[in-house]
Amino acid sequence: PLVGESLPQTHLVIGLGCEFRETLVTPEITFPLVGIHGENDFVVNVNHSREEAQKLMSKGAPVEWETVPETSHEISEAMGKRVRFYLEKYATNGL
């Protein structure tokens, strides 16, 4: 998200197995942040990632966050399907 904030052509940021740190992202961002996290991720703490996303949402940032069942810190087929879903969802917004 930090790089996306500095690029005016950014329309969407999708984070896989990451966390959008509330202290590093301004709630005034103009593009959606989508966090997709494996529910069995032992590399990046799922609960902490969820909490950080919720903090941003409570400040009005355009954040969507979800877990993918039976997925760890990997890009699985199920995670790929969720990425496709969000790319298609936001495709009408100029992606």
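Scroll up for the structure.
Quantities reported herein were computed from a predicted structural model and do not represent experimental measurements.

## Some points on the pattern of salt bridges
Here's step 1: Inspection of the entire model under this criterion finds 6 salt bridges.
Here's step 2: In this structure, Glu 52 and Lys 55 form a salt bridge, with 3.2 Å as the shortest nitrogen-oxygen distance. With Glu 52 and Lys 55 both in helix α2 (residues 46-58) and 3 residues apart, this pair spans about one turn of that helix.
Here's step 3: For Glu 52, a relative accessible area of 6% corresponds to the buried category.
Here's step 4: Between Lys 81 and Glu 77 there is a salt bridge, with the nearest N and O atoms lying 3.7 Å from each other.

## Notes on α2
Here's step 1: With 13 residues, α2 extends 18 Å from end C-alpha to end C-alpha; this agrees with the ideal 18 Å at 1.5 Å per step.
Here's step 2: When α2 is considered as a whole, its buried residues turn out to be Val 46, Ser 49, Glu 52, Ala 53 and Leu 56. When α2 is viewed along its axis, its buried side chains cluster within an angular range of 130 degrees and face the same direction.
Here's step 3: At its buried positions, α2 is contacted by β2 (33-38) and β3 (63-68).
Here's step 4: Taken from the residues just after α2, Gly 60 is the one with a positive phi, measuring 95 degrees.

## Considerations on unusual backbone geometry
Here's step 1: At Glu 70, a residue that is not glycine, the phi angle is positive and equals roughly 55 degrees.
Here's step 2: Judged by its relative accessible area of 72%, Glu 70 is exposed.

## Topic: the packing of aromatic side chains
How two aromatic rings sit relative to each other is set out by the distance from centre to centre and by the angle between their planes.
Here's step 1: The full count for this structure, using the stated rule, is 1 aromatic pair.
Here's step 2: With 4.9 Å between their ring centres and 80 degrees between their planes, Phe 85 and Tyr 86 make a pair best called edge-to-face.
Here's step 3: Look at Phe 85 and you get partly exposed, because its relative accessible area is 37%.
Here's step 4: Lying over the aromatic face of Phe 85, Arg 82 brings its terminal NZ or CZ to 4.4 Å of the ring centre.

The rules we used
Counting of residues starts from 1 at the beginning of each chain's written sequence and follows it residue by residue. The predicted nature of this model means local features are confined to residues of pLDDT at least 70 and side-chain atom pairs, given and counted, to a pLDDT of 80 or more, with totals for whole chains, interfaces and linings taken over all residues. Each side-chain value is derived from all of the structure's non-hydrogen atoms; neither hydrogens nor water enter the calculation. Should a side-chain nitrogen of Lys or Arg be within 4 Å of a carboxyl oxygen of Asp or Glu, the pair is scored as a salt bridge. A run of H or I in DSSP counts as a helix once it spans at least four residues, and a run of E counts as a strand once it spans at least two, with each numbered from the N terminus. Buried means the residue's accessible area, taken with a 1.4 Å probe over protein chains only, is under 20% of the maximum for its type, while exposed means over 50%, and partly exposed covers the values in between. The span one expects for a helix is its residue count, reduced by one, times 1.5 Å. The arc in question is the one spanned by the directions pointing from the helix axis to the C-beta atoms. Residue contacts follow a heavy-atom distance rule, with two residues in contact if any of their heavy atoms lie within 4.5 Å. Here a pair means two rings of Phe, Tyr or Trp (six-membered ring of Trp) with centres within 6.5 Å. Their orientation is stacked below 30 degrees between planes, edge-to-face above 60, and tilted elsewhere. Ring-over charges, as used throughout, are those where CZ of Arg or NZ of Lys falls within 6 Å of the ring centre and within 35 degrees of the ring normal.

The values reported here are purely geometric and, on their own, carry no functional implication.
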